[in-house]
Amino acid sequence: MENTTSQTKAETVREVEVGAKKENLEFLVSLPEENISKILSASASVAIDKYEALLGELSFSGQVCLNFIYSLEDGTISNYKTCQDFSGKFENLSFDPSSLVKILPNVLDISIESANGSAIKIKLTVENNFSLLKNQEISLFSSEDPNICVKQSEIGLCTHANRNCSNFNQTSIFETKFPVGRILNISSAAIVNKTSSLDGIVVVEGDTISRILYSTGEERPVLVSQVNKDSFREEIEDSAATKDSPILAWATVDGRDIDENIDQENKTIEVSVPVKICYDLFSCQEKTVVSDAYSTENELNLTTEAFLSTEVVGIETFDSRIDSGITASEEIPRIDKILAVDGAYLTRTGIAFENGELSSEGTLHLNLIYLNDESDSVNAVLVEVPYSYKEKLSNQGSNVVAIDQIVEIDASVKRGRDIYVDGKIRTQVLVTNLVESAAISGAELGEKLEERDGALEIYFAQQGKSFWDVAKDLKISEDALRKQNPEIAEPFEKDEKIVYFEQFEIAVD
């Protein structure tokens, strides 16, 4: 058979959820004070700095920032923050040196394995979720052979145009009611609410949520917790951006570089939050492809290429409430007054997206620092509270990536054991569609068609068919068939009798 394939090349993007891997990390930390009475709270934040994709393997590295709150033998409450390097590897056949990878880390567990004086051995379980973007090449059939008839259609193809990251510092001002003695912990998170683009500019809007825990500078200090929400709007220059560019963006806070400044009156705390915005920029256009073809002279063997591509739907955010009660163990000292909540983090145990509704459930972990009146001592307990939410999304897609952040968290106690926890979770959802498409990618000419028996043919076509269907069956020109049956509209509203007759050019002397 003669090969008459003529091809053009096109690209379309595909996002692949590669999977998740847990990393068990251990650190030995030496606290600066020696006369430590007890560890009250331990919290952690994780940042991925860089990665290298090889064939079938991804290497990555980052830092874990740890904050410890502890009491000294004289009753003073103090803290110590340290950041530690870590690295990991993830093997998967999807990776190659051209892979563009997104890594979203999440702390699953924090536990103090041992404490000996000022030396603490802490163990963390971190789950890293991996996804990658690829522009895949597809082949599209075309032909200039006049005997080959083609049926064309339009499909939307999106390609990944650029990934970019931008850093800025968000200022958050805390007006305190009491003089500040010592800042015990500052934690921040960032979330993207909206993206847009202009020619050469990407606009990202969102919020930072910062939580500060401090002890007052009074003779008998108390613990105070405050939360701030601050909005940001960043304009980022990007030569690949156009007015209609689809964008998926996310934001992280680098816990290593959170900085604070207390004014001279110790009543205002200015926190500088280092925010990193990253986004994927896409370019979309309609592409003409051949969806069907036949030859009027030969049998034609077609090759069809089916492919999956990712369509960007958008970003959506929503808030959900935490409202739950638990009973503390009888083994711990009675909780007479909760002084502070610290080190809260979420562990998701299940997520589902069906019929446009996103549902998730998991466990909220938090440290309660509390007072026991009987011994007049400050104690701490780690509690685990189940949470769940359901939300109908306005953006309809087939795939979602949900990023949860704790916005508010508080706890109260009744009768020394019954703990009531309430708070708020803000969820950012990246919504995409996985679109299945197909196009003719090649064709080969086969055997010569047999000559027609007569000059006139009558074809009985069923309702709903078109002139293309009839012409393909008869192996004749669709335009000629349409001209010879001008009174028939398509698609056929009823069963139709289609007439075709051969036309010959006769030379006249």
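Notes on the structure follow. (Residues numbered from 1 in each chain as written. Predicted model: local features only at pLDDT ≥ 70, side-chain atom pairs only at ≥ 80, totals over all residues. Heavy atoms only, no water.)

Focus: the sheet that holds strand E3 (residues 36–54)
As a reminder of what qualifies: Strands qualify as paired when DSSP identifies two bridges or more between them. Secondary structure elements are taken from DSSP: a helix is a run of H or I of four residues or more, a strand is a run of E of two residues or more, and numbering for both begins at the N terminus. Axes, fitted as lines to C-alpha atoms, cover a helix only where it is in contact. Angles between the N-to-C directions of the axes lie from 0 to 180 degrees.
Taking strand neighbours across the sheet as the criterion, the 3 strands line up as E3-E4-E5 in an open arrangement whose pairing is antiparallel. A strand with exactly one partner marks an edge of an open sheet, and here the two such strands are E3 and strand E5 (77–91). Within this sheet the neighbouring strands show an average axis-to-axis angle of 15°, counted without direction. Relative to strand E4 (residues 57–72), E3 runs antiparallel, the two being bridged by 16 bridges.

Some words on the side chain of Ser 166
Basically, it comes down to this: Only protein chains enter the accessibility calculation, which uses a 1.4 Å probe; a residue is then buried when its area is under 20% of its type maximum, exposed when over 50%, and partly exposed in between. When checking whether two residues touch, look at their non-hydrogen atoms; a contact exists if any pair is within 4.5 Å.
Mapped onto the elements, Ser 166 comes out in strand E8 (residues 148–175). Judged by its relative accessible area of 17%, Ser 166 falls in the buried class. Apart from residues lying up to four places away in sequence, Ser 166 is in contact with Ile 236, Val 275, Lys 276 and Ile 277.

As for the environment of Ile 236
Here Ile 236 shows up in strand E11 (residues 223–237). With a relative accessible area of 6%, Ile 236 lands in the buried category. Sequence-wise, Ile 236 and Ile 201 are 35 residues apart; in three dimensions their C-alpha atoms are separated by 5.6 Å. Apart from the residues lying within four places of it in its own chain, the contact partners of Ile 236 are Asn 164, Ser 166, Gly 200, Ile 201, Val 202, Val 204 and Tyr 279.

Here we look at the packing of aromatic side chains
As a reminder, the rule being used: Pairs were defined over the aromatic rings of Phe, Tyr and Trp, the Trp ring being its six-membered one, requiring ring centres within 6.5 Å. Orientation was assigned from the angle between planes: stacked under 30 degrees, edge-to-face over 60, tilted for the rest. We count a charge as sitting over a ring when the NZ of a lysine or the CZ of an arginine lies within 6 Å of the ring centre and within 35 degrees of the ring normal.
Tallied over the full model, the rule gives 7 aromatic pairs. Both rings, one in Phe 90 and one in Phe 130, keep their centres 4.5 Å apart while their planes meet at 20°; by these two values the pair is stacked. Of this pair, Phe 90 sits in strand E5 while Phe 130 is found in strand E7 (residues 119–142), placing the two residues 40 residues apart along the sequence. The residues Phe 90 and Phe 130 share a single accessibility class, namely buried. Linked through ring pairs, Phe 60, Phe 90, Phe 95 and Phe 130 together constitute an aromatic cluster. Lying over the aromatic face of Trp 250, Lys 102 brings its terminal NZ or CZ to 4.5 Å of the ring centre.

Some remarks on the pairing of strand E22 (residues 496–501)
Alternating residues of E22 divide into Glu 496, Ile 498 and Tyr 500, all buried, and Lys 497, Val 499 and Phe 501, none buried. Bridge count for strand E21 (residues 456–461) against E22 is 6 bridges, and the pairing is antiparallel. In the sheet register, Tyr 459 faces E22, and the bridge partner there is Ile 498.

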